[in-house]
Amino acid sequence: AQSVTQPDIHITVSEGASLELRCNYSYGATPYLFWYVQSPGQGLQLLLKYFSGDTLVQGIKGFEAEFKRSQSSFNLRKPSVHWSDAAEYFCAVGAGGKTSYDKVIFGPGTSLSVIP
Amino acid sequence: DAGITQSPRHKVTETGTPVTLRCHQTENHRYMYWYRQDPGHGLRLIHYSYGVKDTDKGEVSDGYSVSRSKTEDFLLTLESATSSQTSVYFCAISGLGTGDNEQFFGPGTRLTVL
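Residues numbered from 1 in each chain as written. Chains lettered and ligands numbered in written order. Predicted model: local features only at pLDDT ≥ 70, side-chain atom pairs only at ≥ 80, totals over all residues. Heavy atoms only, no water.

*Asks:* Report on the side chain of glutamine 37 of chain B, specifying residues and quantitative values.
*Replies:* When you line up the elements, glutamine 37 of chain B lands in strand β4 (residues 31-38). Polar contacts involving the side chain of glutamine 37 of chain B include one to the side chain of glutamine 38 of chain A, which spans 2.9 Å. Every residue in contact with glutamine 37 of chain B, bar those within four places of it in the chain, is listed here: Gln38 and Phe90 of chain A together with Gly42, Leu43, Ser87, Val88 and Phe90 of chain B. (Helix = DSSP H or I, 4+ residues; strand = E, 2+ residues; numbered from the N terminus. Polar contact = N/O pair within 3.5 Å; in protein donor to acceptor, adjacent residues only side chain to side chain. Contact = heavy atoms within 4.5 Å.)

*Asks:* Talk me through the sheet that holds strand β7 (residues 64-70) of chain B; I want residue IDs and the actual numbers.
*Replies:* Residues and elements named next belong to chain B. In spatial order, the strands read β1-β3-β8-β7; together these four strands make up an open sheet with antiparallel pairing. One side of each edge strand has no neighbouring strand; the edge strands of this open sheet are β1 (4-7) and β7. For this sheet, the mean inter-axis angle between neighbouring strands, taken without regard to orientation, is 20°. Of the strand pairs in this sheet, strand β3 (residues 19-25) and strand β8 (residues 73-78) are connected by six bridges, and their pairing is antiparallel. For arginine 22, the partnering residue across the bridge sits in β8 and is leucine 75. (Pairing = 2+ DSSP bridges. Axes fitted to C-alpha atoms, helices over the stretch in contact; angles between N-to-C directions.)

*Asks:* Which residues make up the interface of chain B and chain A, and what are the values?
*Replies:* Chain B puts 25 residues into the contact, and the matching count from chain A is 25 residues. Across the chain B/chain A interface, buried area totals approximately 1,800 Å², and carbon plus sulfur atoms make up 56% of it. Inspection of the region where chain B meets chain A yields zero salt bridges. Looking at the side of chain B that touches chain A, the elements with two or more residues in it are β4 and β5 (42-51) of chain B. (Buried area = accessible area lost by both parts, 1.4 Å probe. Salt bridge = Lys/Arg side-chain N within 4 Å of Asp/Glu carboxyl O.)

*Asks:* Quick rundown of the confidence of the model for chain A? Include the residues and the values.
*Replies:* Put simply, chain A has an average pLDDT of 89, and 91% of its residues get 70 or more. Here residues 96-101 of chain A scores under 50 on pLDDT; set against residues more than four positions off or in separate chains, the count is 17 contacts. (pLDDT = per-residue confidence, 0-100.)

*Asks:* Any details on the state of the cysteines? Residues and values, ideally.
*Replies:* Scanning the entire structure with this criterion turns up two disulfides over all chains. One disulfide bridge connects cysteine 23 of chain A with cysteine 91 of chain A, the sulfur atoms lying 1.9 Å from each other. Measuring the twist about the S-S bond at about -65°, one finds the cysteine 23 of chain A-cysteine 91 of chain A disulfide to be left-handed. Of this pair, cysteine 23 of chain A sits in the loop between β3 (19-21) and β4 (24-26) while cysteine 91 of chain A sits in strand β10 (residues 87-94), placing them 68 residues apart in sequence. Each member of the pair, cysteine 23 of chain A as well as cysteine 91 of chain A, carries the same accessibility label: buried. Here cysteine 23 of chain B engages in a disulfide with cysteine 91 of chain B; their sulfurs sit 1.9 Å apart. The chirality of the disulfide connecting cysteine 23 of chain B with cysteine 91 of chain B is left-handed, given an S-S dihedral of about -70°. Highlighted residues: cysteine 23 of chain B in strand β3 and cysteine 91 of chain B in strand β9 (residues 87-94), separated in sequence by 68 residues. We note that cysteine 23 of chain B, like cysteine 91 of chain B, is buried. (Disulfide = S-S within 2.5 Å. Buried < 20%, exposed > 50% of the residue type's maximum accessible area, 1.4 Å probe, protein only.)

*Asks:* I'd love a proper account of the pairing of strand β6 (residues 54-57) of chain B, names of residues and values included.
*Replies:* Residues and elements named next belong to chain B. Where β5 meets β6, four bridges bridge the pair, whose relative direction is antiparallel. Bridging across to β6, glycine 51 finds its partner in aspartate 54. In this structure, the hairpin formed by β5 and β6 is closed by a connection of two residues, where lysine 53 is found at a positive phi of approximately 65°.

What follows is the structure, given as structure tokens:
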């Protein structure tokens, strides 16, 4: 069965510092991987997704993520954090397939605080 | 932003009462989902729909039922609410419904069961 772990429950960084949020997944085949962001009181918004091809994926708001099959990881990075990046970040994994619904499994989330 | 609304946005109810949450979309997307969000658990799928009158269970479906009589509406019902169902509920939609497609989320409904 698919599963997702996010080892860091909460991270605090200073504005302008670099950021890396960790995500590890468990899935037998090539996974479909996502990062979503949730601002306080809001729904989730997709930051980026990986299906195949280049293992370094660019997303919105200056975020990127790198798929490493050997480590079963899909870590999210940003070179310089802005105060507006303070939010909850969710990693998610979905199975492949075009002919049937495939459930997307979400990790528990990492809460990011940014110090001005 | 995707046209997804949820109603009510907040609700407080008592144990044993029935509760219905509504998700309405204006995107004409085929697939609709109900999740609950609890601290430490991320989002967990309750039920989903892959078309009008076509629904199936997710990973935490016990105590919940759903209905979809129109493309644009997906209702989640708690037949007899319990305190363990206190949570934030999110509706989501997607066009393809496969694991490689983006889901668009509504603003959420905060439900408190006393």
